[in-house]
Amino acid sequence: MGKQTMTLTNNITGDSYTYDILQSTRGPSVVDLRTFFRDTGMFTFDPGYTSTASCESKITFIDGAKGELRYRGIPIEKLALEHSYMETCYLLLNSRLPKDRELRDFDLEIRHRAYLHTGLCQLYDAFPDNAHPMATLSAAVTALSTFYNDHIEMNREEEYLEMAHRIISKIPTIAAFAYRHSLGIPFIQPDIALGFTENFLTMLRAYPGGKMRIGPYGEEKIKEIEIKALDTIFTLHADHEQNASTTVVRGVASTGAHPYVAISAGISALWGRAHGGANESVIAQLEYIGSVDRVDDFIKRVKDPNDDFRLMGFGHRVYKNFDPRAKILKKLQDQLKEELDLDSELMAVASRIEEIALNDEYFISRNLYPNIDFYSGIILTALKIPKSMFTPIFVIGRTVGWITQWIEFKKDRASKIARPRQLYTGD
Ligand code: CMC
């Protein structure tokens, strides 16, 4: 197929301008408007970027109409069912799944890099006990950049990978410490004998000395099914193309700042309720509703045009069909029902909301389906993870995506500083 173009005509002056249409390998094509201002003296206007492709990328693909998500071309369903989070990290960073030996080496390196400098550990003491772990996490990741000045100027592939492995490996430790600090209890150091996900659960749950809670039947060790469930949650969160926090990470990357500061900015962007903070809000909302008989009144409030109230865990800018990650989590939730202590009252309230929303004109006409955050909270609750750690869990999973996007941005010779313009309507 020859070059395709689009011609725009200014209906006042009659001038016409022709722009190339760039072909994608999947999904919509893109009109290349990079010379639009130079050609016309006008800007394009797209607040919230609803029609804007902000970059070219080879990492993640979403088809929102079909409800499809792929990392490096591989469907999310395949990754969630057949591969681990460590394999997914390797895939995102290296554009292919690892061979056995490569996975072993990668996994070992991630285990060994999980420790934090003692100076960084002392930073936590400066924060109040009731600090939200997301705030502490963002601050600690910025502080991490002070220990690795050499990550600003990188040219070789090994340098990029070392920088990426370091942050992927340390993020669970930083998050677990943020949580333990919020409770005022001593930190549990990482254990190189444990894999990524089990290590995180241990750092979160263990008592000083490394022992787990003692129940009526002895020590309550972490179950294999718990590790698998959390590992799947990490995989489902690993990347999501140009979402709000990734756009922030790329924006900071565009100024030439340290990569860990860019990740810290991404963490801050993720915290909001419209984005990653929704998982905490979903459970808070379910707890607030409390019982199935209160759901109808609650839905009335959501639909009231004079009320800003939103149903948390519903709707998505890109998915106008079921979020494929939500489908996987819903199945996982059903499997776990038999084996873990899922909160039946919360589940009943959630099921009723889901049933109403999927059949109600308000939600159908606006294509509002449950998203990943609607289901993750119930599973995380069953894993004994407190609400305040739900968004940090999202951070742990997403760090690999952010850093992969950061590297792609840096290597793209067409990258420029992010500097949009405005429609000025002031005095
Ligand atoms: N509850 C009730 N109404 C909603 C909701 C909701 N959760 N989401 C959107 N709407 C309505 C909205 O009021 C608007 O209605 P109208 O046309 O009458 O004005 C219409 O749907 C379109 O909404 P929008 O705000 O223009 O859509 P958007 O694409 O800009 O926003 C969203 C996407 C995710 C911010 C939004 O759906 C939302 O706030 N959802 C709740 C928070 C949430 O679950 N966020 C997690 C997203 S998935 C994980 C992640 O990306 O982090």
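Residues numbered from 1 in each chain as written. Predicted model: local features only at pLDDT ≥ 70, side-chain atom pairs only at ≥ 80, totals over all residues. Heavy atoms only, no water.

Caption draft 1: Structural context of the sheet that holds strand S3 (residues 30–31). The sheet built from three strands is open, its strands ordered S1-S2-S3 with antiparallel pairing. The open sheet has two edge strands, strand S1 (4–9) and S3, and neither has a second partner. Examined bridge by bridge, S1 and strand S2 (residues 16–22) share six bridges and lie antiparallel to one another. Paired with Gln4 across the strands is Ile21, a residue of S2. (Pairing = 2+ DSSP bridges. Helix = DSSP H or I, 4+ residues; strand = E, 2+ residues; numbered from the N terminus.)

Caption draft 2: Main features of the domain arrangement of the protein. Taken domain by domain, the protein consists of domain 1 (5–66) and domain 2 (67–427). Listed by partner, the interface residues are 20 residues for domain 1 and 28 residues for domain 2. Together, the buried faces of domain 1 and domain 2 total about 2000 Å²; carbon and sulfur atoms form 54% of this surface. Contact with domain 2 buries area across many residues of domain 1, yet Ile59, Thr60 and Ile62 alone supply 34% of it, more than any other trio. Taken together, the links from domain 1 to domain 2 amount to one salt bridge. Where Lys66 meets Glu68, a salt bridge forms, and the shortest distance between an N and an O atom there is 3.9 Å. (Domains from an automatic or database assignment. Contact = heavy atoms within 4.5 Å. Buried area = accessible area lost by both parts, 1.4 Å probe. Salt bridge = Lys/Arg side-chain N within 4 Å of Asp/Glu carboxyl O.)

Caption draft 3: Seen up close, the environment of Leu91. As for its placement among the helices and strands, Leu91 is situated in helix H3 (residues 85–94). Residue class for Leu91 comes out buried when judged on its relative accessible area of 1%. Along the sequence, Leu91 and Leu79 sit 12 residues apart, while their C-alpha atoms lie 10.0 Å from each other. Excluding residues that lie within four positions of it along the chain, Leu91 makes contacts with Tyr71, Arg72, Ile74, Leu79, Arg96 and Leu97. (Buried < 20%, exposed > 50% of the residue type's maximum accessible area, 1.4 Å probe, protein only.)

Caption draft 4: Quick look at helix H9 (residues 224–237). With 14 residues, H9 extends 20 Å between its outermost C-alpha atoms, agreeing within 8% with the 20 Å of an ideal straight helix rising 1.5 Å per residue. All buried positions along H9 are accounted for by Glu226, Ile227, Ala229, Leu230, Asp231, Thr232, Ile233, Phe234, Thr235, Leu236 and His237. (Expected span 1.5 Å × (residues − 1).)

Caption draft 5: Quick peek at the pattern of salt bridges. Tallied over the full model, the rule gives 31 salt bridges. We note a salt bridge from Asp63 to Lys66, for which the minimum N-O separation is 4.0 Å. Connected through shared salt-bridge partners, Asp63, Lys66, Glu68 and Arg70 make up one network.

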